[in-house]
Structures are given as structure tokens and as C-alpha cells.
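# Results of the structural survey
These are the residues of each chain, in order.
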2 protein chains.
Amino acid sequence: MTKHSRQRDAVYQNLCMRTDHPTAEDVYLSLKAEIPALSLATVYRNLSMLENENKIIRIGSGGTARYDGNVSPHYHLTCLECGRVHDIFMDDAGLCKAAEKHFGGKIISHAVMFTGYCPECSEKIG
Amino acid sequence: MTKHSRQRDAVYQNLCMRTDHPTAEDVYLSLKAEIPALSLATVYRNLSMLENENKIIRIGSGGTARYDGNVSPHYHLTCLECGRVHDIFMDDAGLCKAAEKHFGGKIISHAVMFTGYCPECSEKIG
DNA sequence: TTCGATATTGATAATCGTTATCATTATTAT
DNA sequence: ATAATAATGATAACGATTATCAATATCGAA
């Protein structure tokens, strides 16, 4: 039986309020002011729980995991210049169905990670 | 100046010969018989070098990194039942171009990771 | 409202994958 | 052959994440 907790609420709200795909430590640091006694382990624990409940998304590619409070289907781009992770909202072009046709089996979900340059950096660099 | 090495050749060949997307340790263990003195650090080093030269692909999503000697464009599926990573060969449906249209910037590449059940497990489970 | 059961917490140790260090060995151009 | 230096093997160090555990907070039942 899962009980309510102030810390979990705070983690979830923090993630939903921002669009910068923070790491666990980012979330931890930005909640320290609000909850001084907060522990990093608690943030990790709650991120895992929220992910299992499909309330948030873990963006795994690369080293440190990042999290996204927006669970509506969309993709991500890692900018090679600024390192930030951006959202890309677009049609999925029936990717899962197409893959099932080619591969067989039963496909449940998919994630797309683009790499390149975000509009800002793209302009800056030329 | 990059010098030739028996160990790097062995790592590259091992990766090219298999389609099971091994981890660094998998490669290390399967080469131990051939090169008893091989070090795990050497495997990691060479995997990084080969990846930088675009001779192999690192499949990052999730915890432990896996590697693929097949650099032709294709996608992957992680089977929720057996845990294996399978190749999925299919058209990319102009994903990068479409994303650039929606997002702007300059998109270089993309990776797609499907999750679901491979044909074998799909049949077994029903 | 109080009580008891137990889920959650904070602090920290432990784990795991990966990278850095460094003396030794192998490779390559001369 | 020799000198220059890239690569190796062994292992320490690192960073992210997870496990442990006593103390605390939550919540349903009395």
C-alpha cells in the first residue's frame, strides 16, 4: 500500500513545472530550499516510483539519467553545442506499427533521441 | 597518431561477428580465451575509440551500455521478457527531416529504441 | 483521538559501470 | 636496430545509483 508523502509530491511537481529535463541531482538541489532536510536518496527513490507509475519519463541515453514530467508522446534532442535536452513534438508516423510489421513480436512503446544543434546554437554557430 | 593493435582488432572483429549487442564485459569474456592477458580496461578503451571512428555504435539507453558492430542505419528493440536487444531494419521515414521541420535547428542523427516482446517471447507468452 | 502497522525518510555505506593513472610493452618510422 | 610514442594490463579512482537501517510520518481501525 503506497502512502502519501510530501517529498514525492514535491519531486513530481518540480518535474512538471520545468521543461529542462533535469537530472536527479538537479531536482534535489532545486528542492533543497523548500525542504532543507531532503535527501538525494529520497529523490532517486521517488523518481523511480513515479517512473514505474508512468507519471514521469526517464530519458536514459548517455551517462546521467534525465527526467521529464511531460508524459505525452514526444521526442528529444540533445544539442551537441549546449548539451541541453530539448523536446520535439511531432507525429510518430506510426513507427511502432511499422516496426511490428518488419520485425514481428509485440511492440509496446518507443523512444527517439535526436542529436544535432538546437535553433539557438544552430544560429550562433552558423 | 594511432597505432595498430591486436587487441583492438579482436574487439572490432568480435563485435562484427555477433548480433547480440554485447556489453563491454561480454566482449571481454568472449575474448579471454583468445587473448588470456586481455584487460577489461583495454576493451573499454578500444570500444570508445571504435565508436569515435564511427566503426561501431554504442546503444546507451538504460543502465549498461551495449555495442553494435553493424553501423548501417537500423533500430533496436529491448524485449521485456528475455531482456535481449534485437535489430529492427526498416525505413527511417525521414524522421530527421520531419523533426527539423517541427523543431528547427540542425539535426544530425537519431536513434530509436523500441520496447515490447520479440517474436519468440511473444509467441511463448501469447 | 489515539494507537498500531507499515510505508517513507535521511544518512550513509555499498555497488556497479566506466575512466584515469602509470609503469611496461608493442608498434612504426627512420 | 633504434628511438619515439601509442597501446597495454593492473588497479585505483570516480560518479551515478541502489541498498541498508534506525527514526519518522502516514493512515486506517479501534
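Residues numbered from 1 in each chain as written. Chains lettered and ligands numbered in written order. Predicted model: local features only at pLDDT ≥ 70, side-chain atom pairs only at ≥ 80, totals over all residues. Heavy atoms only, no water.

This part covers the packing of aromatic side chains. A ring pair, where both rings are aromatic, is described by two values, the distance of the centres and the angle of the planes. All names here are of chain A. Going through the model one piece at a time under the given rule, you end up with two aromatic pairs over all chains. Residues Tyr75 and Phe114 carry aromatic rings whose centres are separated by 6.3 Å and whose planes lie at 55° to one another, so their mutual orientation is tilted. With a gap of 39 residues between them, Tyr75 in strand β3 (residues 75–79) and Phe114 in strand β5 (residues 106–117) connect regions that are remote in the sequence. Across the ring face of Tyr12, the terminal group of Lys55 is positioned such that the distance to the ring centre comes to 6.0 Å. (Phe/Tyr/Trp six-rings, centres within 6.5 Å; stacked < 30°, edge-to-face > 60°. Helix = DSSP H or I, 4+ residues; strand = E, 2+ residues; numbered from the N terminus. Lys NZ or Arg CZ within 6 Å of the ring centre and 35° of its normal.)

So, about the relation of the copies chain B and chain A. Mapping chain B onto chain A calls for a rotation angle of 179° and an axial translation of 0.0 Å; the resulting RMSD is 0.1 Å. Such values leave the two copies arranged in the relation of a two-fold axis. Comparing interface residues between copies, 97% of those in chain B also sit at the interface in chain A, which points to an isologous, same-surface contact. (Least-squares fit on C-alpha atoms with pLDDT ≥ 70 in both. Contact = heavy atoms within 4.5 Å.)

Before going further, it helps to examine the sheet that holds strand β3 (residues 75–79) of chain B. With respect to topology, six strands assemble into an open sheet ordered β4(A)-β3(A)-β5(A)-β5(B)-β3(B)-β4(B), the strand pairing being mixed. At either end of the open sheet lies a strand with only one pairing partner, and these are β4 (85–88) of chain A together with β4 (85–88) of chain B. Here the average twist between neighbouring strands, direction ignored, is 30°. Here β3(A) pairs with β5(A) via four bridges, running parallel. When the sheet's bridge partners are listed, A:Cys79 is paired in β5(A) with A:Gly116. The sheet contacts of helix α4 (residues 95–103) of chain A involve β3 and β5 of chain A together with β3, β4 and β5 (106–117) of chain B, and relative to β5(A) the element is tilted by about 115°. Sitting on the sheet, helix α4 (residues 95–103) of chain B is in contact with β3, β4 and β5 of chain A together with β3 and β5 of chain B, with an inclination near 115° to β5(B). (Pairing = 2+ DSSP bridges. Axes fitted to C-alpha atoms, helices over the stretch in contact; angles between N-to-C directions.)

Around DNA strand C, a shell composed of 21 residues is seen, among which A:Met1, A:Lys3, A:Ser5, A:Thr42 and B:Tyr44 lie nearest. Each atom of DNA strand C within 4 Å of the protein was classed as base or backbone; sugar and phosphate made up 68%. Contact distances for DNA strand C include 3.0 Å between a phosphate oxygen and a backbone N or O atom of B:Ala65. The element contributing the most residues to the surface near DNA strand C is helix α3 (residues 40–52) of chain A, with five residues. Taken together, the residues of the surface near DNA strand C sort by class into eight nonpolar, eight polar and five charged. (Near = heavy atom within 4 Å. Polar contact = N/O pair within 3.5 Å; in protein donor to acceptor, adjacent residues only side chain to side chain. Nonpolar A, V, L, I, M, F, W, Y, C, P; charged D, E, K, R; others polar.)

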